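Commentary on secondary and tertiary structure
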Amino acid sequence: MGANSSSISELPENEYLKKLSGAEPISENDPFWNQLLSFSFTTPTNSTDLKLLEEATISVCKSLVEKNPRTGNLGSLIKVFLSRTKELKISAECQNHLFIWQAHNALFIICCLLKVFISRMSEEELQLHLTYEEKAGPGSYGAECEDLIEELLCCLIQLIVEIPLLDITYSISLEAVTTLIVFLSCQLFHKEILRESIIHRYLMRGRCLPYTSRLVKTLLYNFIRQERSPPPGTHVFQQQTDGGGLLYGIASGVATGLWTVFTLGGVGSKASPQLEQCSPLASQSLLLLLVLANLTDAPDMPNPYRQAIMSFKNTQDNTAFSSSNPHAFQINFNSLYTALCEQQKSDQATLLLYMLLHQNSNVRTYVLARTDIENLVLPILEILYHVEERNSHHVYMALIILLILTEDDGFNRSIHEVILKNITWYAERVLTEISLGSLLILVVIRTIQYNMTRTRDKYLHTNCLAALANMSAQFRCLHQYAAQRIISYTCRHLRRYVYVLDKLYFPHSHCSTLQHCFSTLSDNGEELLSLTCSHILRSYASSLFSLLSKKHNKVLEQATQSLRGSLGSSDSPCPDYAQDLNVIEEVIRMMLEIINSCLTNSLHHNPNLVYALLYKRDLFEQFRTHPSFQDIMQNIDLVSGM
């Protein structure tokens with residue numbers, strides 16, 4: 001680095017980097033810094049080049065980590081950057097490219113070094129590395145250490161919120177956002193949640209606290225505007241490709257790591273390529289916003305960034321701010337809504353939508369009042385439809401968003417009034433015209449079916465059924481295919497239920513299990529007669545439901561144990577029929593309750609559902625005596641005239 005362009009292969013032998021990481025202290029007033037910061041760098045555009053960069057600079061970084069406690073050169077570099085940022089706003093207004101270029105380069109190097117330092121030492125050790133004073137003796141660390149870290153953090157926040165976003169300031173704004181992400185990456189190197197982090201303490205109080213609402217607002221607007229990286233030729237320094245800069249590439253690894261921790265290590269948890277390609281600044285701003293909003297509350301005060309997200313209002317809202325929340329602000333809800341609708345392919349954007357709907361009542365009220373709600377719901381449904389291609393946490397967030405929306409009766413009514421045409425991504429059947437509500441039903445049922453046959457996550461299907469249950473009382477004019485899928489999916493589980501019962505109670509070639517069941521019920525003649533008749537009828541395609549009585553759970557447990565014992569000598573594993581039976585029974589009951597709720601509240605508005613139900617009446621008749629479903633079946637019979 002220096003006055004000439006540098007390449008990755010030249011970095012290990014670069015004289016300026018060697019001096020920076022050498023044993024000689026460099027004063028912040030040394031002309032060396034002007035020489036070091038006058039460089040242009042060919043940007044790595046892929047992970048291979050980024051790995052080469054780390055390998056090429058590892059010796060320089062190790063040397064600086066080892067010698068910095070004696071030289072304090074990292075602290076000097078930070079002070080050089082801090083001194084230059086004081087004139088950045090004026091430089092941007094005056095189009096002073098050279099000044100901004102050198103400030104950007106200084107921050108570039110600081111961020112690269114901080115990434116290495118934070119990965120190799122604790123926050124307390126980092127403090128010591130930033131406390132060197134040339135005239136200070138050994139053991140004189142103390143007063144200034146925290147001030148320098150806090151000053152840098154505060155400076156970065158000021159840069160983000162105060163420097164206008166122009167072509168010549170885009171890169172330094174991006175680097176400032178990314179450097180804050182790198183600072184917050186200290187959580188990656190701790191197994192437990194950081195509750196007493198030095199970095200967190202400075203961000204949530206002191207000099208940084210007054211900038212809370214402005215920082216959150218700026219990060220939101222960065223996400224809303226989706227400003228692309230400026231084209232080549234608009235910078236004095238050699239501009240990067242569409243990737244957004246070397247530091248962006250380096251810090252994407254840090255941001256991805258934070259995202260993995262943040263989403264509990266979900267498979268494929270990484271920054272969305274779609275969002276990154278559109279706008280690196282928008283992508284990094286969103287990541288920073290999510291990390292800030294989820295910092296742990298301090299012992300004596302809540303997270304101010306979360307408070308800001310929970311309380312901001314629409315620019316058209318003229319009501320007074322609450323005095324209890326000093327971090328409230330206003331933002332254009334229409335622009336925010338549009339950005340959220342357009343960016344749902346990114347799991348980060350889906351998480352932001354969930355946070356806003358869940359925590360900000362102003363946003364939730366605005367979204368539910370929109371007349372174009374389909375613009376938001378369709379991308380969410382598409383996430384669930386392509387469940388096999390999505391991260392598990394992305395699917396869960398999309399599903400929870402639907403749960404939140406379906407808690408509102410107005411939403412449940414309005415989605416059946418929105419008529420959609422030619423849903424191209426729905427491949428099971430050509431849907432030339434269908435209501436948004438019917439499409440939502442189809443996608444949710446498909447998600448349940450996928451979960452029951454593939455992932456078998458008990459919470460996923462429970463949440464899907466809860467969303468349908470929320471909507472059921474407001475079902476209106478269901479599409480013929482949606483009505484058929486509700487009934488056919490219920491019937492599928494009814495058949496599966498009969499099959500599992502047969503396998504559980506009367507496994508082939510295991511008559512001892514049947515005898516055990518008989519002996520268990522021998523104290524009740526009517527129950528024994530019912531059991532015997534039911535088993536005989538099942539051989540001719542009848543049901544086993546008379547077996548299920550007040551002693552159902554006890555019989556179920558004993559039959560399972562007997563079955564396991566009888567198969568104990570076999571090499572083949574025993575299927576967990578008891579667990580399957582409980583899950584299937586839960587799904588059947590929920591589906592019957594959904595059907596019952598629809599028929600009870602809107603029978604005349606759903607002829608297709610009644611026709612589909614009557615068509616399958618023979619199968620439903622088998623469940624009229626089942627103790628778990630008897631009450632619901634009686635009401636369905638009464639309402640539908642079955």
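Residues numbered from 1 in each chain as written. Predicted model: local features only at pLDDT ≥ 70, side-chain atom pairs only at ≥ 80, totals over all residues. Heavy atoms only, no water.

Convention followed: UniProt positions are given in the numbering used here, feature names are shortened, and annotations may be inferred rather than shown by experiment.
In the annotation of an unreviewed UniProt entry, the protein chain is listed under the name Dymeclin and assigned to Lepidothrix coronata. The UniProt entry for the protein chain carries this comment under Sequence similarities (unreviewed entry): "Belongs to the dymeclin family."

**Re helix 4 (residues 73-85)**
Under the convention used in this document: In this text, helices come from DSSP runs of H or I with a minimum length of four residues, and strands from runs of E with a minimum of two, each type numbered from the N-terminal end. Expected span of a helix, by definition, is 1.5 Å for each gap between consecutive residues, and there is one gap fewer than residues. Only protein chains enter the area calculation, which uses a 1.4 Å probe; residues under 20% of their type maximum are buried, those over 50% are exposed, and those in between are partly exposed.
In a regular helix each residue adds 1.5 Å, so 13 residues correspond to 18 Å; helix 4 covers 19 Å between its end C-alpha atoms and thus fits that length. Buried residues dominate helix 4, accounting for 12 of its 13 residues.

**Topic: the nonpolar core**
Note the threshold: Among buried residues, the Ala, Val, Leu, Ile, Met, Phe, Trp, Tyr and Cys ones that are joined through side-chain atoms within 4.5 Å form a nonpolar core. By definition in these notes, contact holds between two residues if any of their heavy atoms fall within 4.5 Å.
By size, the foremost hydrophobic cluster in this structure holds 191 residues, and its most contacted members are Phe81, Phe183, Tyr426, Leu439 and Ile486. Per-element tally for this core: the top contributor is helix 6 (residues 97-120), with 14 residues. When residues no more than four places from it in sequence are discounted, the contact partners of Leu439 are Leu378, Leu381, Leu420, Ile423, Trp425, Tyr426, Leu431 and Ile434.

**Details of helix 23 (residues 458-472)**
An ideal rise of 1.5 Å per residue puts 21 Å on 15 residues; helix 23 measures up with 21 Å between its terminal C-alpha atoms. Every buried residue of helix 23 is accounted for by Leu460, His461, Asn463, Cys464, Leu465, Ala467, Leu468, Met471 and Ser472.

**Comments concerning the environment of Leu399**
On the secondary structure map, Leu399 appears in helix 20 (residues 392-406). Along the chain, Leu399 and Tyr354 lie 45 residues apart, while their C-alpha atoms are 9.8 Å from each other. For Leu399, the residues in contact, after removing those within four places along its chain, are Leu384, Leu460, Asn463 and Cys464.

**Describing the state of the cysteines**
Cysteine pairs can be covalently joined through their sulfur atoms, and such a bond is termed a disulfide. Quick reminder of the rule: Two cysteine sulfur atoms make up a disulfide if the distance between them is within 2.5 Å.
If you walk through the whole model with that rule in mind, you get 0 disulfides. Here Cys61 stays free of any disulfide, with the sulfur of Cys112 as its closest cysteine sulfur at 7.8 Å.

**What about the pattern of salt bridges?**
A pair can form between side chains of opposite charge whenever their charged atoms are brought close. Using the following cut-off: Put simply, a salt bridge is a Lys or Arg side-chain nitrogen that is within 4 Å of an Asp or Glu carboxyl oxygen.
Using the criterion set out here, one finds 7 salt bridges in the structure. As a salt-bridge pair, Arg446 and Glu428 come within 2.7 Å of each other at their nearest N and O atoms. Placement of Arg446 in helix 22 (residues 436-455) and of Glu428 in the loop between strand 3 (419-421) and strand 4 (433-435) is noted, with a sequence separation of 18 residues between them. The class of Arg446 is buried, set by a relative accessible area of 18%. In this structure, Arg589 engages Glu593 in a salt bridge whose closest nitrogen and oxygen atoms are separated by 3.3 Å. Highlighted residues: Arg589 and Glu593, both in helix 28 (residues 577-602), separated by 4 residues, approximately one helical turn.

**Section: the side chain of Asn314**
For clarity, the cut-off: Whenever two N or O atoms come within 3.5 Å, that pair is a polar contact, provided that in protein one can donate a hydrogen and the other can accept it, and provided that, for residues adjacent in sequence, both atoms are side-chain atoms.
Tracing the chain through its elements places Asn314 in strand 1 (residues 313-314). Engagement of the side chain of Asn314 in a polar contact is seen with the backbone nitrogen of Phe333, the distance being 3.3 Å.

**Some words on the confidence of the model for the protein chain**
Interpreting fine coordinate detail is not advised for predicted regions of low pLDDT. Filter applied, for reference: Per residue, pLDDT measures the predictor's confidence, with a range of 0 to 100.
Taken as a whole, the protein chain shows an average pLDDT of 78; of its residues, 76% reach a score of 70 or greater. Ignoring residues within four places in sequence, the model shows residues 509-556, a span with pLDDT below 50, making 78 contacts including any to other chains. Confidence drops under a pLDDT of 50 for residues 566-574, and excluding neighbours within four residues, the segment shows 7 contacts in the predicted structure.

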